[in-house]
Amino acid sequence: MSAYPSHGSLLGRTPPSAQELRNRKRVSTWLFAICFMLVGMIALGGYTRLTGSGLSIMDWRPITGMIPPLSHAEWERQFALYKTIPQYKILHDGFGLSGFQQIFWAEWTHRFWGRLMGMVLLVPLVWFSITGALSRGLMLRLVLFFVLGGLQGAIGWFMVASGFNPDSTAVAPVRLVLHLCCAFALYIAILWTALSVRTPRPVFIPATREVVRIHRLVWTICLLVGVTVIAGGFTAGTHAGFSYNTFPLMDGHLIPRGYARLHPFWLNWFQNIPAIQFDHRLLATSTALLIGLTIVLGLRTPNLGKEVHDALAVMGWLVLLQYALGVTTLLLVVPVWAGTVHQTCAALVLTAAIVTLHRLRGVGRP
């Protein structure tokens, strides 16, 4: 997708004009900034989940919710609402106003950041559309992203509302995973668009057998990273990380006892803590090994070019960091800082995988 009208220069018939190049750079930089904000949003989401802050705001006001409590009376009203839900009665009975304010500010920042992203998307979108910097197709795609961002906010409230149910102290794991998956899906879409605006024409790479193999492996890596993120969401939602805090064995076993205790069998993947944590470990290990294999094979394939080799190397270093963070988070019994950084680094690993795949667009395409 190009940031300029799709005529001859887009198809490679004529070189792009200086104005088209400027538009391409401005629009892609703007989209990269939104991607950066989305990574920040993923980090904030992890922090609010780990600190139990997500249920501190009891009402959903998409517009007026940007304004925090400005008086003691409003703080007392918000605190009184929080006292009515099970999380307060079960976990925070006797919680003072100052303690409530700490978790409130974490959730308010998370929601404010989401609203701010909407503005950062909408205002430049209107300006670039008026000034003719966007093609019609790109403009419609970005409008769709704005709508999906609003829908993501609604899904977030749908998730939070599940924590208000009787005897519930946290949100429903399935709704948490839905919210997380939608955030990552929107991130991938905007990142791919930003990359395509910056470099609309892929670099040709001869489709040799070795190159095609690497291309397929990178596709598999992207899918596997996505599935591992989903498994991580269920690990977080069920608090499975607070059990079996040893590595590599789980309670002295490679495969934990009780892995298949639920029937039908597939329920173990979503509701059985030993199975949920083991699956996340297995997927993370498989992802790291596959990335390592792809790097070894890729660096032995000169036809890929320096850009692809560099992307593979970055992906390798990031997955090593992410794996170490995962083990650290587990052994330390999920401290807030480690869990937050671990969730954020997952977005970075996915970013490296998507960038690598994008640089392989030119396989067999002269």
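The structure presented is a predicted model; accordingly, all values stated were derived computationally and were not measured.

Novice: What should I look at first to understand the side chain of threonine 340 in this one?
Specialist: If you trace the backbone, threonine 340 turns up in helix α12 (residues 336–359). Threonine 340 gets classed as buried once you look at its relative accessible area, which sits at 13%. Looking at threonine 340, its side chain comes within polar contact range of the main-chain oxygen of valine 336, at 2.8 Å.

Novice: Please clarify how the nonpolar core should be interpreted in this entry.
Specialist: By size, the foremost hydrophobic cluster in this structure holds 61 residues, and its most contacted members are Val27, Trp30, Leu31, Leu142 and Ile190. If you list the elements that add at least two residues to this core, you get α2 (18–50), α5 (97–130), α6 (136–161), α7 (173–198), α8 (209–237), α10 (273–299), α11 (306–331) and α12. Counting residues in each nonpolar core, the second largest holds 18 residues, with Phe79, Leu97, Met159 and Ala236 among its members.

Novice: For this particular structure, what's the right way to read α12?
Specialist: Turn by turn, an α-helix covers 3.6 residues, leaving residues three or four places apart pointing in a common direction. Here α12 contains 24 residues, and its C-alpha end-to-end distance of 35 Å stays within 8% of the 34 Å for a straight helix at 1.5 Å per residue. Across the 24 residues that make up α12, a large majority, 19, are buried.

Novice: Whenever I open this one, the pattern of salt bridges confuses me. Can you help?
Specialist: Two side chains carrying opposite charge are able to pair once their charged atoms lie near each other. The final tally for this structure, using the stated rule, is five salt bridges. Linking arginine 77 and aspartate 59 is a salt bridge whose minimum nitrogen-to-oxygen distance equals 3.7 Å. With arginine 77 in helix α3 (residues 72–82) and aspartate 59 in the loop between α2 and α3, this residue pair connects regions lying 18 residues apart in the sequence. A relative accessible area of 34% places arginine 77 in the partly exposed class. Of the residues examined, aspartate 59 reaches a relative accessible area of 19% and is grouped as buried. One salt bridge connects lysine 306 with aspartate 310, and the closest N-O pair in it is separated by 2.7 Å. Taken together, the residues span about one helical turn, with lysine 306 and aspartate 310 both in helix α11 at a distance of four residues. Note on lysine 306: relative accessible area 62%, which makes it exposed.

Reading the values: rules and limits
- Residues numbered from 1 in each chain as written.
- Predicted model: local features only at pLDDT ≥ 70, side-chain atom pairs only at ≥ 80, totals over all residues.
- Heavy atoms only, no water.
- Helix = DSSP H or I, 4+ residues; strand = E, 2+ residues; numbered from the N terminus.
- Buried < 20%, exposed > 50% of the residue type's maximum accessible area, 1.4 Å probe, protein only.
- Polar contact = N/O pair within 3.5 Å; in protein donor to acceptor, adjacent residues only side chain to side chain.
- Core = buried A, V, L, I, M, F, W, Y, C linked by side-chain atoms within 4.5 Å.
- Expected span 1.5 Å × (residues − 1).
- Salt bridge = Lys/Arg side-chain N within 4 Å of Asp/Glu carboxyl O.

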